[in-house]
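Listed here are the chains, written in short residue letters.
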Amino acid sequence: MTTLTAKDKDTVKAFWAKVSGKAEDIGKQSLARMLVVYPQTKTYFAHWKDQSPDGAPARKHGITVMTGVANAVSKIDNLRAGLLELSELHAFTLRVDPANFKILAHNMLVVIAIMFPEEFTPEVHVAMDKFLASLALALAEKYR
Amino acid sequence: MVEWSEQERTIITSIFASLDYEDIGPKALSRCLIVYPWTQRYFGAFGNLYNAEAIKTNPNIAAHGIKVLHGLDRAVKNMDNIKATYAELSVLHSEKLHVDPDNFKLLSDCLTIVIAAKMGSSFTPEIQATWQKFLAVVVSALGRQYH
């Protein structure tokens, strides 16, 4: 389930080139949707003064996460090695339950479908879904 | 029993009132078969599913997508008792069709993506939450009679 074929990688890179200009918007909207549609995810952000999905901390965090995704695209040939530090961060400091990676990925795909309805074909969808799943796995690498 | 606010009911009925079944049904099912290819296991008798193009243009898949989407109508009409409404269909999916209930979630995720693409920014986070709640109840009801 986690091996990206050459076709997958090409599809992801080509699609990312088309949408990367909107990366910040995708990040902000994905995170906001996650907080609204899956309220249990709010537990990770109890330390924010402003808890609202469209507040400043949420928007900033959406951008941070999406910058991570952009970085992962550039490391797509070896996600495990490329995301080693981020994995250690998530494993030892943040300790986000990996189930949440799937939740956020789903919301990213919903936002992408909204913003790019023509380009987000089923073929692109499957490649992106596989990529985000591989990303999640690489991020959870150091957990145990 | 699942509680629905007035707003949630309105959201669901209004999405279905303007739903183009002939467009959304085929798109949702074919997307599911392409994104989660193992779901093709249930469609051995449907003809050519060899690649994405074949799936997208397969008339049997299109017809079935429309049928499945209309299957949601009864949940919309019986929102206060979706569990009972789908008891028979649940037995059918378990005993006759032998569909792994995990697949219901896969199809419902694809349906969400297709609806989002159709509705664009009017598919707000709040509407997404209600929509996903509705689908989760349907999925749960469909898996209820498995044993």
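Reading the values: the criteria
- Residues numbered from 1 in each chain as written.
- Chains lettered and ligands numbered in written order.
- Predicted model: local features only at pLDDT ≥ 70, side-chain atom pairs only at ≥ 80, totals over all residues.
- Heavy atoms only, no water.
- Helix = DSSP H or I, 4+ residues; strand = E, 2+ residues; numbered from the N terminus.
- Buried < 20%, exposed > 50% of the residue type's maximum accessible area, 1.4 Å probe, protein only.
- Contact = heavy atoms within 4.5 Å.
- Core = buried A, V, L, I, M, F, W, Y, C linked by side-chain atoms within 4.5 Å.
- Phe/Tyr/Trp six-rings, centres within 6.5 Å; stacked < 30°, edge-to-face > 60°.
- Lys NZ or Arg CZ within 6 Å of the ring centre and 35° of its normal.
- UniProt positions renumbered as here; feature names shortened; annotations may be inferred.
- Buried area = accessible area lost by both parts, 1.4 Å probe.
- Salt bridge = Lys/Arg side-chain N within 4 Å of Asp/Glu carboxyl O.
- Polar contact = N/O pair within 3.5 Å; in protein donor to acceptor, adjacent residues only side chain to side chain.
- Nonpolar A, V, L, I, M, F, W, Y, C, P; charged D, E, K, R; others polar.
- Arc of directions from axis to C-beta.

1. Describing the environment of B:Gly25
Residues and elements named next belong to chain B.
Part 1 of the argument: Among the structural elements, Gly25 can be located in helix α2 (residues 21–35).
Part 2 of the argument: Judged by its relative accessible area of 3%, Gly25 is buried.
Part 3 of the argument: Taking the C-alpha atoms as reference, Gly25 lies 4.4 Å from Ile66; in sequence the two are 41 residues apart.
Part 4 of the argument: Contact partners of Gly25, with chain neighbours within four places excluded, come to Gly65, Ile66 and Leu69.

2. Side note on the nonpolar core
It is characteristic of soluble globular proteins that their nonpolar side chains tend to be buried jointly.
Part 1 of the argument: One finds A:Phe131 and B:Phe134 to be the most contacted residues of the largest nonpolar core, which totals 79 residues.
Part 2 of the argument: In this view, A:Phe131 contacts A:Leu4, A:Val12, A:Val69, A:Ala72, A:Val73, A:Ile76 and A:Leu79; residues no more than four positions away in its chain are not counted.
Part 3 of the argument: Judged by nonpolar contacts, the second largest core, of 15 residues, contains A:Val126, B:Cys32, B:Ala52 and B:Ile55.

3. A short note on the packing of aromatic side chains
Residues and elements named next belong to chain B.
Part 1 of the argument: With the rule as written, the count across this model stands at eleven aromatic pairs over all chains.
Part 2 of the argument: Pairing Phe16 with Phe134 gives two aromatic rings, centres 5.7 Å apart and planes at 70 degrees, and the pair type is edge-to-face. Here Phe134 lies in helix α9 (residues 125–143) and Phe16 lies in helix α1 (residues 6–17), a separation of 118 residues in the sequence. Judged on exposure class, the residue Phe16 and its partner Phe134 are both buried.
Part 3 of the argument: Through a chain of ring-to-ring contacts, the aromatic side chains of Trp4, Phe16, Trp131 and Phe134 assemble into a single cluster.
Part 4 of the argument: Here the basic side chain of Lys133 rests over the ring of Trp4, its NZ or CZ set 4.7 Å away from the ring centre.

4. What to know about the UniProt feature "domain: Globin" (unreviewed entry) in chain A
Part 1 of the argument: Look at the UniProt record and you will see "domain: Globin" (unreviewed entry) annotated at residues 3–144 of chain A.
Part 2 of the argument: With 69% helix and 0% strand, the stretch residues 3–144 of chain A has end C-alpha atoms that lie 21 Å from each other.

5. Digging into the interface of chain A and chain B
Part 1 of the argument: The interface of chain A with chain B comprises 19 residues on the first partner and 23 residues on the second.
Part 2 of the argument: When the buried surface of chain A facing chain B is broken down by residue, A:Arg33, A:Pro122 and A:His125 rank first, second and third, together holding 28% of it.
Part 3 of the argument: If you look at where chain A meets chain B, you find one salt bridge.
Part 4 of the argument: Here A:Glu123 and B:Lys56 are joined by a salt bridge, their closest N and O atoms 2.9 Å apart.
Part 5 of the argument: Counting the contacts that link chain A with chain B gives eight residue pairs in polar contact (both at pLDDT 80 or more).
Part 6 of the argument: Of all the secondary structure elements, the ones that give two or more residues to the side of chain A that touches chain B are α2 (23–37), α6 (99–115) and α7 (122–139) of chain A.
Part 7 of the argument: Of the residues belonging to the side of chain A that touches chain B, the class tally is twelve nonpolar, four polar and three charged.

6. Describing the pattern of salt bridges
Part 1 of the argument: Under the defined criterion, the tally for this structure stands at eleven salt bridges over all chains.
Part 2 of the argument: Note that B:Asp23 and B:Lys118 form a salt bridge whose closest N and O atoms lie 3.1 Å from each other. Taken together, the positions of B:Asp23 in helix α2 and B:Lys118 in helix α8 (residues 102–119) put the pair 95 residues apart, joining distant regions of the chain.
Part 3 of the argument: With a shortest N-O distance of 3.2 Å, B:Asp109 and B:Lys105 are connected by a salt bridge. Linking B:Asp109 with B:Lys105, this pair stays in helix α8, spanning four residues, or about one helical turn.
Part 4 of the argument: Taken together, the salt bridges that share partners define one network made up of A:Glu123, B:Glu53 and B:Lys56.

7. Describing unusual backbone geometry
Part 1 of the argument: Phi at A:Arg95 takes a positive value of approximately 50 degrees, unusual for a residue other than glycine.
Part 2 of the argument: By secondary structure assignment, the location of A:Arg95 is in the loop between α5 (84–94) and α6.
Part 3 of the argument: At B:His98, a position not held by glycine, the phi torsion is positive, near 50 degrees.
Part 4 of the argument: By the element assignment, B:His98 lies in the loop between α7 (87–96) and α8.
Part 5 of the argument: Relative accessible area serves as the criterion here: at 53%, B:His98 is assigned to the exposed category.

8. Re α5(A)
All names here are of chain A.
Part 1 of the argument: Among the residues of α5, those classed as buried are Ser87, His90 and Ala91. All buried residues of α5 lie within an arc of 90 degrees about the axis, which places them on one face of the element. More than 90 degrees from the buried face of α5, the exposed residues found are Glu85, Phe92 and Thr93.
Part 2 of the argument: A positive backbone phi angle near 50 degrees is found at Arg95, which sits one or two residues after α5.

9. Thoughts on the side chain of B:Ser30
Residue and element names in this part refer to chain B.
Part 1 of the argument: Along the polypeptide, Ser30 turns up in helix α2.
Part 2 of the argument: Within the structure, Ser30 has its side chain in polar contact with the backbone oxygen of Pro26 (distance 2.7 Å).
Part 3 of the argument: When residues no more than four places from it in sequence are discounted, the contact partners of Ser30 are Ile55, Lys56 and Ile61.

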